Amino acid sequence: MNWDDTPDTTAAERLVGSVADREDQAVEAALRPKDLGDFIGQEKVREQLDLVLRAARARGATADHVLLSGAPGLGKTTLSMIIAAEMGAPIRITSGPAIQHAGDLAAILSSLQEGEVLFLDEIHRMSRPAEEMLYMAMEDFRVDVIVGKGPGATAIPLELPPFTLVGATTRAGLLPPPLRDRFGFTAHMEFYEPAELERVVHRSAQLLDVEIEADGAAEIAGRSRGTPRIANRLLRRVRDYAQVKADGMITRDIAAAALAVYEVDARGLDRLDRAVLTALLKLFGGGPVGLSTLAVAVGEERETVEEVAEPFLVREGLLARTPRGRVATPAAWAHLGLTPPGSPGAGNGQQDLFGA
């Protein structure tokens, strides 16, 4: 079980969206592992982080500042809580968008206890003045509080107790180098393999008191886009289907039937993903086609297509972004069971593209 983040309402409404809604957050709190031994996946990150934390405990010191990057839903928030638990320290949770002024950050930092873990989600969205204050706080455990305005303003140094900052970001490239360089340990969270997600599904099913067969867990894992948060969400929807339509046991057939109801196909594509591919293939012959034209054809905003649908389609090798526009790959034609124009048996001309 491993998770995180928050952008767009369209993303939040999707069953295969990696953004956590209120229901996800409530369930995740119950499913989150409490220590590194229970954390599934991210083997290299776990091994490296374990060394960092053990060494800090052996020295009787606070752990180095930690930067976690990666897509939403992979476990950044979970790891921050594990860091606090492994160090036997309390954790304070906030986010970059909530810190719009240096004074906001100063208030948080000045109230930290010695050794406390401060988890700063979406750290790349913090305001620049607060960011610059954070440099000194991370390096020297000190901040300068400005009192007064204009020529009469004075800076009062405020000493801070040693603390550990855990920053999480989905956009590591947006972090300025001076901030990145102040983290003692940085880790990038990778997407999960199906076998790892099967373990996630089995563990969650046990905690949720859901009966599930191995092939049922494999079916859910295969449609989860490499993301534990999505695997847990699909498990809950399949559980509902199994309780209403079957005897409560999740088998491969039950999982497949349930996810067909929710329009999540065997590769993890949902209605929006398939609409983008179908328009690209049937209306535009596989491309290239401009993003705005493709968005109009699908009936969605340009940003929705670009930020919500395309990343997974590109990662799956179904769509390519080129200087001339979006282009479908041979895998996209195969996935939708269509034949590319010009292939043997495909026919030629406009009629084939529009199915007329």
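For the structure, check the block above.
Remember, predicted model here, so these are calculated numbers, not experimental data.

## Concerning the packing of helix H9 (residues 214-222) against helix H11 (residues 252-261)
Axis separation between H9 and H11 bottoms out at 7 Å; the angle between their running directions is 30 degrees. By the angle between their directions, the pair H9 and H11 is classed as roughly parallel. For the pair H9 and H11, the contacting residues are Asp215, Gly216, Ala218, Glu219 and Ile220 in the first and Arg252, Ala255 and Ala256 in the second. Of the residues in the contact of H9 with H11, the class split is four nonpolar, one polar and three charged.

## Looking at the sheet that holds strand S1 (residues 66-69)
Strand order in the open sheet formed by five strands is S2-S3-S6-S1-S7, with parallel pairing between adjacent strands. Edge positions in the open sheet fall to strand S2 (91-95) and strand S7 (185-188), since each of these has one partner strand only. Shown here is a sheet whose adjacent strand axes are inclined to one another by a mean of 15 degrees, direction ignored. Direction of pairing for strand S3 (residues 117-121) relative to strand S6 (residues 164-169): parallel, over a ladder of four bridges. Looking across to S6, one finds that phenylalanine 119 is bridged to valine 166. Set on the sheet, helix H3 (residues 43-59) makes contact with S1 and S7; between it and S7 the angle comes to about 165 degrees.

## Observations regarding the packing of helix H12 (residues 271-283) against helix H14 (residues 302-315)
Running from amino to carboxyl end, H12 crosses H14 at an angle of 90 degrees, the nearest separation of the two axes being 10 Å. As the angle between them shows, H12 and H14 are arranged roughly perpendicular. Contacts between H12 and H14 involve Leu272, Asp273, Val276 and Leu277 on the former and, on the latter, Thr304, Val305, Val308, Ala309, Phe312 and Leu313.

## Re the pattern of salt bridges
For the structure shown, the criterion picks out 17 salt bridges. For arginine 128, the salt bridge identified is with glutamate 131, shortest N-O distance 3.0 Å. In this pair, arginine 128 and glutamate 131 are both assigned in helix H6 (residues 128-140), three residues apart and thus about one turn of the helix distant. The class of arginine 128 is exposed, set by a relative accessible area of 51%. Judged by relative accessible area, which is 4%, glutamate 131 ranks as buried. Linking glutamate 219 and arginine 223 is a salt bridge whose minimum nitrogen-to-oxygen distance equals 2.5 Å. Residues glutamate 219 and arginine 223 agree in their burial class; the two are buried. Salt bridges linked by common partners bring Glu219, Arg223 and Arg252 together as one network.

About the thresholds
- Along each chain, the written sequence defines residue order, and numbers are assigned to residues from 1.
- Restriction of local features to residues with pLDDT of at least 70 applies here, the model being predicted, together with a cutoff of 80 or more for giving and counting side-chain atom pairs; totals for whole chains, interfaces and linings are based on all residues.
- Processing note: side-chain calculations cover all non-hydrogen atoms of the structure and skip hydrogens and water entirely.
- As a rule, the C-alpha atoms of each element are fitted with a line to give its axis, helices using only the stretch in contact, and angles between N-to-C directions run from 0 to 180 degrees.
- Numbering of helices and strands starts at the N terminus; helices are DSSP runs of H or I of at least 4 residues and strands are runs of E of at least 2.
- Oblique is the label for any angle not covered by the other classes, which are roughly parallel (under 35 degrees), roughly antiparallel (over 145) and roughly perpendicular (65 to 115).
- Any two residues having at least one pair of non-hydrogen atoms within 4.5 Å are treated as being in contact.
- Think of it as three bins: nonpolar holds Ala, Val, Leu, Ile, Met, Phe, Trp, Tyr, Cys and Pro, charged holds Asp, Glu, Lys and Arg, and polar takes everything else, Gly as well.
- Here, a strand pair is defined by DSSP locating no fewer than two bridges between the strands.
- Just to be clear on terms, a salt bridge is a Lys or Arg side-chain nitrogen sitting within 4 Å of an Asp or Glu carboxyl oxygen.
- Each residue is placed in one exposure class: buried if its accessible area under a 1.4 Å probe, protein chains only, is under 20% of its type's maximum, exposed if it is over 50%, and partly exposed if it falls in between.

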